[in-house]
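Structural characterization, general
Given next are the chains, with one letter for each unit.
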Amino acid sequence: MQLGVIGLGRMGRIVVDRSLAAGHEVVAFDLSAEATAAAAEAGATPADSVADLCERLADGPEPGKRIWLMVPAGDAVDATLAELEPHLDDEDVVVDGGNSHFAESVRRAESTAAAYLDCGTSGGPASAEEGFSLMVGGPERAYNALVPVFDAVATGPDGHDRMGPAGSGHYVKMVHNGVEYALMQAYGEGFELLADGRYDLDLEAVARTWNNGAVIRSWLLELCEEAFREEGSELGDVADHIAGGSTGTWTVEEALEQEVPVPLIYAALAERFDSRNEGRFSRRLANRLRYGFGRHEVARE
Ligand SMILES: NC(=O)C1=CN([C@@H]2O[C@H](COP(=O)(O)OP(=O)(O)OC[C@H]3O[C@@H](n4cnc5c(N)ncnc54)[C@H](O)[C@@H]3O)[C@@H](O)[C@H]2O)C=CC1
Ligand SMILES: O=C(CO)[C@H](O)[C@H](O)COP(=O)(O)O
């Protein structure tokens, strides 16, 4: 099958490489000429613009174009779709494999001439070898048409499925990320207690032991083991600062709208925000208020 891939960064390159390895033909484009050249070296046909990519796909053996977007979520997706639109018709399928907000995906699906698949992608760059987990939303016909590509990009046939109509793929991925936040927070709290608790522990050994048969074994726990192995039990100079947070924010916003309690996910998100604050105002105020009501000493910087 012939596939166009737009966006050849950490994730898009894996889509290219795994598709090529499965025998698909790939036409690749990135705003970065170096990224496009690197994909060409790996065996893809380079395109020098979105229009050029569409022309090269139009020459393909199967009717209709299949185009996978792996650009940053937000404006880049709309900008790419705006360039694609004059070249699209209802035989074409566009996949957005990035972390787009599900409501944006519904809007995009309604406004493009092509069949639109919103595809939540999990596994990250570490999945280059094994393949991703793909959560796909959109028309069944388009999903079925892309199955050979999904088989290649995912871990295999069990690594992808159609979740439901437009938006549902990115909706499931959004919730997946909320769960990811909560799991990271739970492991973080447990290891913090072990690090600051009664025993002088080798946390890599703890994580390794847990990863071998324990109820709480998981890939995230394997990544904890790797982090302690590479940084040490004290985590070396790793900063007390967590970036990102958009997908967790969306999960909490949606939970509020649906009136579903997600206190663990919210707590993990709040920890992220807190990590970016030096000297939390609320804590400073509480410090001062204890003097107000109890004449307790005010700690000062
Ligand atoms: N890195 C990760 O662990 C994961 C990332 N994602 C999502 O996948 C998407 C891509 O992420 P990454 O590959 O990590 O980002 P990246 O920053 O490594 O790569 C993005 C690529 O898109 C290119 N690009 C940007 N705007 C473009 C445009 N208008 N036309 C053509 N190319 C353009 C950039 O030059 C860059 O090469 C994002 O939505 C991200 O949230 C999803 C799951 C995991
Ligand atoms: O989707 C992911 C993992 O599943 C990506 O790593 C994503 O970039 C995480 O973003 P954030 O931590 O800012 O929500």
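The paragraphs below set out a description of the structure included in this document. Counting of residues starts from 1 at the beginning of each chain's written sequence and follows it residue by residue. Starting at A for chains and at 1 for ligands, labels are handed out in the order in which the entities are written. Residues qualify for local features only when their pLDDT is at least 70, as the model is predicted, and side-chain atom pairs are given and counted only at 80 or more; totals for whole chains, interfaces and linings, by contrast, use all residues. Only hydrogens and water are removed before side-chain values are computed, so all heavy atoms of the structure are retained for them.

Nonpolar side chains in soluble globular proteins tend to end up buried together. Ranked by internal contacts, the top residues of the largest apolar core, which has 30 residues, are Trp68, Leu117, Leu134 and Phe150. Counting from the N terminus, the helices are the DSSP runs of H or I reaching at least four residues and the strands are the DSSP runs of E reaching at least two. Per element, the largest residue contribution to this core is six residues, and it comes from helix α6 (residues 140-153). In what follows, residue pairs with any heavy atoms lying within 4.5 Å of each other are defined as contacts. Beyond its immediate stretch of four places on either side in the chain, Leu117 contacts Val93, Val94, Val95, Asp96, Val136, Gly137, Gly138, Pro139, Ala142, Tyr143, Leu146 and Phe150. Leu57, Val71, Leu84 and Ala114 belong to the second-largest nonpolar core, a separate cluster that totals 18 residues. Within this scheme, the nonpolar core is defined by two criteria: the residues are buried Ala, Val, Leu, Ile, Met, Phe, Trp, Tyr or Cys, and they are joined through side-chain atoms within 4.5 Å. Each residue gets one of three labels from its accessible area relative to the maximum for its type: buried under 20%, exposed over 50%, partly exposed in between, using a 1.4 Å probe on protein chains only.

Our focus in this paragraph is the site of ligand 1. As a structural note, the neighbourhood of ligand 1 is formed by 20 residues, with Arg10, Met11, Asp30, Asn99 and Thr121 the closest of them. Here a polar contact is taken to be a pair of N or O atoms separated by no more than 3.5 Å, where protein atoms must pair a possible hydrogen donor with a possible acceptor and residues adjacent in sequence count only if both atoms sit in side chains. Between ligand 1 and Leu31 there is a distance of 3.3 Å, counted from a nitrogen atom to a backbone nitrogen or oxygen. Coverage of ligand 1 by the protein chains reaches 77% of its 830 Å² of free accessible surface. The residue makeup of the shell around ligand 1, split by class, is eleven nonpolar, seven polar and two charged. Any residue with a non-hydrogen atom lying within 4 Å of a molecule or strand is treated as near it. Computed by Shrake-Rupley with a 1.4 Å probe, the accessible areas treat only the displayed protein chains as cover when residues are assessed. Charged means Asp, Glu, Lys or Arg here, nonpolar means Ala, Val, Leu, Ile, Met, Phe, Trp, Tyr, Cys or Pro, and polar covers whatever is left, Gly included.

Of the two faces of strand β5 (residues 93-96), the one holding Val93 and Val95 and the one holding Val94 and Asp96 are both buried throughout. For a crossover, the right-handed case is the one in which the path from the first strand over the helix to the second runs clockwise, viewed with the strands pointing away from the viewer. With helix α4 (residues 75-84) bridging strand β4 (residues 66-69) and the parallel β5, this β-α-β connection has right-handed handedness. As paired strands, β5 and strand β6 (residues 115-122) are joined by four bridges and run parallel to one another. From the neighbouring strand, Asp96 faces β6, where its bridge partner is Asp118. Tracing the backbone out of β5, into helix α5 (residues 102-111) and back to the parallel element β6 gives a crossover that is right-handed. Should DSSP find at least two bridges between two strands, the strands are regarded as paired.

Opposite charge on two side chains permits pairing when their charged atoms draw close. Salt bridges are identified by distance alone: a Lys or Arg side-chain nitrogen within 4 Å of an Asp or Glu carboxyl oxygen. Within this structure, the stated rule accounts for 13 salt bridges. With a shortest N-O distance of 3.8 Å, Glu204 and Arg229 are connected by a salt bridge. Within this pair, whereas Glu204 is found in helix α8 (residues 203-211), its partner Arg229 is found in helix α9 (residues 219-231), the two being separated by 25 residues in sequence. For Glu204, a relative accessible area of 17% corresponds to the buried category. By relative accessible area, Arg229 is classed as partly exposed at 45%.

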